[in-house]
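Summary of structural features
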Amino acid sequence: MAIHVSINDCGILSRMDAGAFKVPFVADNYGFFVLKDDVQRDIALCADENGYSAAFDGLHFRLAYELCEDHLKIHVRIENRGDDFDGRIGFHMGVDTWMESWPQWNDSFFPTLLRCEKTHLWGYYMNTAENALAVATSGPVASYDIQYNMTGDPSVHDDLDCGHRIPGTDILFYQNTILPQRHPQHLRIMKAGEIYENTLYMIPVAAKADIKQTLSCIAGIPLVDAEKYTKEPGEKLDASILCSGSYTRTLLAPDGSSVDASAPLSQPGLYQLCVQASNGRQCEASFFIREPWDHYLHHAALNALAKPPKASTHTESFYGLFSTFLYYKHTRDEAFGAKAYEAFEESMQYMFDMDACKPITIPHRIQNISCFISLLVDMYEANPAEKLHYLEKAAKFAELVMAVQDETGAYRNRGTHYTCVVYVAKSMLELALAERACGVPALLKKSEIHYASARRAVDDLVRSLDNIQTEGEMTLEDGMISCSALQIAMFALTLPESERAPYTAAAEYMMKVHSCLEQQLIPDCRCNGASLRYWESQYDVMIRVNMLNSPHGWTGWTAYGKYYLYLLTGKKEYLLSLMNVMGSCSQLIDETGDLRWAFCSQPYVRGRSFVPDYEQEVKDGYRFVDTEKKAYRGKYVMKEYSEQYIDMISDWYRIGEQKVVGGYAFCPLILDGWSDTEADRQGGCCDNDVHEVFKCMEETVLGKAFVHENDDGTLLTYGCAARIIEGRLEITLTSPADQLVYCLKTPCVFGTAHIKGIGIAAT
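Structure report, in brief. Quantities reported herein were computed from a predicted structural model and do not represent experimental measurements. (Residues numbered from 1 in each chain as written. Predicted model: local features only at pLDDT ≥ 70, side-chain atom pairs only at ≥ 80, totals over all residues. Heavy atoms only, no water.)

Points about the packing of helix α9 (residues 478–492) against helix α12 (residues 555–569)
Formally: Helix axes are fitted only over the stretch in contact, all axes being lines through C-alpha atoms; the angle between N-to-C directions runs from 0 to 180 degrees. Going along the chain from the N terminus, every DSSP run of H or I of four or more residues is numbered as a helix, and every run of E of two or more is numbered as a strand. Should an angle fall under 35 degrees it is taken as roughly parallel, and over 145 as roughly antiparallel, whereas 65 to 115 is taken as roughly perpendicular and any remaining angle as oblique. Working rule for handedness: look at the near helix, and if it is turned counterclockwise from the far one by less than a right angle, call the crossing left-handed; if clockwise, right-handed. When checking whether two residues touch, look at their non-hydrogen atoms; a contact exists if any pair is within 4.5 Å. As a working rule, the residues Ala, Val, Leu, Ile, Met, Phe, Trp, Tyr, Cys and Pro are called nonpolar, Asp, Glu, Lys and Arg charged, and the rest polar, with Gly in that last group.
At a minimum axis separation of 8 Å, α9 and α12 run at an interaxial angle of 30°. Classed by the angle they form, the pair α9 and α12 counts as roughly parallel. Read as a crossing pair, α9 and α12 show a hand that is left-handed. Along its contact with α9, which presents D478, G479, S482, C483, L486, A489, M490 and A492, the element α12 presents W557, T558, Y560, G561, Y564, L565 and L568. Considered class by class, the residues forming the contact of α9 with α12 number 10 nonpolar, 4 polar and 1 charged.

This is the structure in structure tokens:
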């Protein structure tokens with residue numbers, strides 16, 4: 001692919017044409033180099049006979065471009081002729097990552113993956129058409145930085161809000177902070193007299209599938225590629241090493257010991273693969289051996305009562321109730337079920353009027369109502385013989401949702417399109433399908449009304465595709481896109497096969513758009529497949545800085561979409577992505593059974609963080625809380641984060657005597673009547689949204705085994721071992737399952753059934 005570039009007199013790259021697509025650059029009047037110590041200084045460059053150069057305070061910078069047929073090389077040289085520099089020395093990548101509105105965001109490139117290894121950096125930026133700008137360096141860099149916008153009044157510190165857009169990214173040649181061990185550790189201070197040289201490769205790649213191979217060939221770096229980043233006990237490592245020369249590899253078990261990389265892996269936990277290429281380059285990858293899926297639902301349910309759901313202005317605050325009822329549904333643990341219903345009755349009475357069937361707090365926030373409908377359906381299905389009244393209540397709450405549905409079919413919140421804020425239409429479908437199956441004539445009639453409403457909403461999504469809105473600051477937003485895709489695909493599965501095609505096509509289009517917001521190629525089991533969110537920390541755990549939360553509770557929306565699309569199309573890529581992302585999400589439960597809120601996948605973030613104030617103990621507001629841990633007010637301190645799990649705060653930041661709060665620290669308590677109420681905000685946070693991944697886990701993978709026949713006739717399996725012998729499919733379950741999800745090209749007999757194509761059968 002021949003490329004063309006435009007570079008101005010200051011050495012700023014402003015455009016790259018790559019055949020059928022273009023990579024946009026921000027052509028602001030600053031140089032590419034940047035210094036970040038007490039303040040940020042952009043270093044302007046001037047042209048000279050050898051390229052472009054600049055000097056500042058003893059640091060001398062040089063930049064030169066080398067245009068090759070199919071890629072661009074940027075040669076960097078920094079010489080320190082002054083004193084030791086103890087700060088960050090970086091390089092503005094310049095790629096236009098600002099995504100503000102449709103269709104503008106289709107021309108920008110999201111920073112989908114940047115990753116440091118000991119000897120180099122690599123990654124890629126991607127647009128909504130899955131065109132990529134792959135990047136790599138010839139030598140080590142300390143780290144990288146993602147810039148985020150801020151909104152609000154900068155004169156009022158607490159009024160600043162972490163925004164929803166990314167102005168740009170920086171490579172950091174030197175960084176004097178904590179960093180992941182995978183990063184080079186010697187690039188913290190640039191010593192006096194030191195010279196640093198590196199070459200940056202910028203390589204346009206039209207197809208996502210070609211990114212790794214292209215990077216390995218052009219930049220000469222080893223890369224790990226695998227189908228399964230999460231595995232089951234007894235499976236072998238099946239990773240490929242992309243490398244132009246010879247290499248050695250070492251596999252470290254969860255206990256740090258070296259193990260045979262070709263032998264079956266039995267110990268659950270995190271495995272680290274280290275690759276050393278003959279040219280001196282190194283890379284790492286991680287793989288996870290998981291427990292059975294019910295292990296994670298069990299611990300999620302226990303954590304829900306110890307890090308309790310609570311009544312607030314936000315549905316995120318009560319999401320833990322989903323895990324409690326879904327666990328009860330599968331285990332029939334009556335003692336636990338009683339606790340779950342007690343928790344619901346005690347907390348939700350402050351958020352919803354169950355007699356009048358209307359919300360008490362922030363009544364216009366329709367995702368609160370739709371999620372509550374989903375919860376009521378789960379409560380009914382956990383004990384259908386005795387809890388029919390919850391399904392009847394759900395039908396009444398559905399009337400409020402339909403009341404804000406406009407003539408186009410969209411569910412709206414004060415004029416804004418809200419069908420894809422969480423998944424209002426999916427909640428309506430969950431209700432309609434439960435009513436259809438319950439056998440009660442009155443509810444069967446209601447199911448037709450609710451199904452028709454959901455259909456109108458989905459038809460609007462199919463017409464609109466990615467030209468839709470969401471709450472908050474507009475951007476190409478993870479949930480707006482994934483929730484559209486999952487709702488379209490879920491609805492398609494309710495139709496006869498002859499009617500599915502336009503819905504399947506629309507859902508696939510939306511998931512393709514969403515690709516640039518997913519960790520699809522990262523060789524890290526902790527976040528492979530997860531969506532790339534970055535503004536939730538301020539609301540969920542009150543860390544007042546943006547960071548990549550990957551996975552986060554809302555990653556579950558991506559997994560729903562992959563599952564439904566696999567059932568619709570039988571495409572292997574959806575199954576692989578589903579299982580990898582569910583594996584990433586399952587690791588939010590640690591080896592002790594403790595539930596964390598999210599994984600920060602950035603190498604370095606520093607910000608004001610909410611921690612317990614142990615001098616201010618709080619009396620618990622709810623009786624059902626199942627923990628001996630005390631509750632406290634919070635205070636802010638500065639903290640640093642570096643590729644790590646972020647703890648929930650609901651285990652210590654619990655509701656006091658006021659019983660109901662605003663959704664988070666700076667959210668007012670809004671009650672029925674649209675009035676802001678001055679109230680003690682103790683306990684308000686949204687970290688319970690992590691339970692969405694367990695709601696998704698229960699629907700998509702719990703109790704299921706999967707068999708997929710590859711093009712070459714081999715079988716890809718999850719939850720079982722399988723083989724086809726003389727026209728019979730034989731499976732051996734490796735974890736509990738009562739359903740087999742299959743995609744087979746070869747006609748088979750399974751049990752007493754004849755199966756072929758895509759389907760679900762009883763095991």
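Brief notes about the pairing of strand β8 (residues 59–67)
The two faces of a sheet get side chains in turn, since along a regular strand they alternate between them. Put simply, the rule reads: Think of it this way: DSSP has to see at least two bridges between two strands before they count as a pair.
One ladder, built from 5 bridges, connects strand β7 (residues 51–56) with β8; its direction is antiparallel. Residue pairing across strands places Y52 opposite L63, the latter belonging to β8. Hairpin connection between β7 and β8: a loop of 2 residues separates the two successive antiparallel strands, and D57 in this loop has a positive phi of roughly 50°. Across 9 bridges, the pairing between β8 and strand β9 (residues 72–80) is antiparallel. Along β9, the bridge assignment pairs E66 with K73. Taking the residues between adjacent antiparallel strands as the criterion, β8 and β9 are bridged by 4 residues.

As for helix α10 (residues 501–514)
Note the following rule: Multiplying 1.5 Å by the helix residue count minus one yields the expected span of that helix. To sort residues, take the accessible area from a 1.4 Å probe on protein chains only and compare it with the maximum for the residue type: under 20% means buried, over 50% means exposed, and anything in between is partly exposed.
Relative to the 20 Å expected for 14 residues at 1.5 Å per residue, α10 spans 20 Å between its end C-alpha atoms, a close match to the ideal helical length. The complete set of buried residues in α10 reads Y503, T504, A506, A507, E508, M510, M511, V513 and H514.

Details of a negative patch on the surface
The line we're drawing: Here a patch means residues that are over 30% exposed by relative accessible area and free of salt bridges, tied together within 9 Å if like-charged and within 5 Å if nonpolar (Val, Leu, Ile, Met, Phe, Trp, Tyr). In short, Shrake-Rupley with a 1.4 Å probe defines the accessible areas, and a residue's cover is counted only from the protein chains shown. By salt bridge we mean one thing: a side-chain nitrogen of Lys or Arg within 4 Å of a carboxyl oxygen of Asp or Glu. As used throughout, the charge tally considers Lys and Arg to be positive and Asp and Glu to be negative, leaving His and the chain termini uncounted. Where a charge lies is defined by one atom per residue type, namely NZ (Lys), CZ (Arg), CG (Asp) and CD (Glu).
A contiguous patch of negative charge on the surface is contributed by D57, D83, D84 and D86. Examined against the element boundaries, D83 turns out to sit in the loop between β9 and β10 (88–92).

As for the sheet that holds strand β13 (residues 132–137)
If you walk across this open sheet you meet the 8 strands as β6-β7-β8-β9-β18-β13-β12-β11, and the pairing is antiparallel. Edge positions in the sheet fall to β6 (46–48) and β11 (110–116), since each of these pairs with one other strand and no more. On average, each strand axis in the sheet is tilted by 20° relative to the strand beside it, whichever way the strands run. One ladder, built from 3 bridges, connects β6 with β7; its direction is antiparallel. Residue pairing across strands places D48 opposite G51, the latter belonging to β7. Packing of helix α1 (residues 211–219) onto the sheet brings it into contact with β12 (121–126), β13 and β18 (195–205), and relative to β18 it is tilted by some 140°.

Considering unusual backbone geometry
The omega torsion across W102 and P103 is 0°, close enough to zero to call that bond cis. Following S550, the chain continues to P551 via a peptide bond in cis, the omega torsion being 10°. You can see P551 is positioned in the loop between α11 (537–540) and α12. With a phi close to 55°, M542 is a non-glycine residue in the positive phi region. Tracing the chain through its elements places M542 in the loop between α11 and α12. Since its relative accessible area comes to 0%, M542 is described here as buried.

What about helix α3 (residues 320–331)?
A rise of 1.5 Å per residue sets the reference length of α3, with its 12 residues, at 16 Å; its end C-alpha atoms lie 17 Å apart and thus fit the reference within 8%. Extensive coverage of α3 is indicated by the burial of 9 of its 12 residues. Within the sequence span of α3, burial applies to G320, L321, F322, S323, T324, F325, L326, Y327 and Y328. Against α2 (293–306), α4 (334–348), α5 (366–382) and α14 (692–700) lie the buried residues of α3.

Here's the deal with the pattern of salt bridges
According to the stated counting rule, one finds 44 salt bridges in the structure shown. The salt bridge involving K329 is made with E698; its shortest N-O contact spans 3.4 Å. Here the residue K329 occupies a position in helix α3, and E698 occupies one in helix α14, the gap between them amounting to 369 residues. Taking the shortest distance from any N to any O, the salt bridge between K629 and D651 comes out at 2.7 Å. Taken together, the residues K629 in the loop between β32 (605–618) and β33 (631–641) and D651 in the loop between β34 (644–647) and β35 (660–661) connect sequence positions 22 residues apart. Relative accessible area serves as the criterion here: at 11%, D651 is assigned to the buried category.

Concerning the sheet that holds strand β25 (residues 282–289)
Each strand in a sheet pairs with its neighbour through backbone hydrogen bonds, running either in the same direction (parallel) or in the opposite one (antiparallel). Here 5 strands make up an open sheet; going across it, the order is β20-β25-β24-β22-β23 and the pairing mixed. With partners counted over all chains shown, the strands left at the sheet margins are β20 (230–231) and β23 (258–259), one partner each. Across 8 bridges, strand β24 (residues 269–277) lies against β25 in antiparallel orientation. Bridge pairing in β25 places Q272 opposite S286.

Quick notes on the pairing of strand β3 (residues 21–24)
In this sheet, β3 lies alongside strand β2 (residues 13–18) in antiparallel orientation, the contact comprising 4 bridges. Residue M16 lies in a different strand from β3, and its bridge partner there is V23.

A closer look at empty space enclosed by the protein
Here is the rule: The pocket and cavity definitions rest on a 1 Å grid over protein atoms only: a 1.4 Å probe that fits but cannot leave marks a cavity, an open set with protein on both sides within 12 Å along at least five of seven lines marks a pocket, and residues lining either have an atom within 4 Å of a point. Grid points are joined across faces, edges and corners, and a volume is the space filled by probe spheres set on the points.
As enumerated under the stated definition, the model contains 5 cavities of 30 Å³ or more in all. Considering the residues around the largest cavity, the lining is formed by 18 residues, among which L113, L114, Y144, I522 and S601 are closest to the centre. Elements supplying a minimum of two residues to the lining of the largest cavity: β11 and β14 (143–147). Sort the elements by how many residues they give to the lining of the largest cavity and β11 lands first, with 5 residues. Classifying every residue of the lining of the largest cavity by side-chain character gives 10 nonpolar, 3 polar and 5 charged.

None of this, on its own, says anything about what the molecule does.
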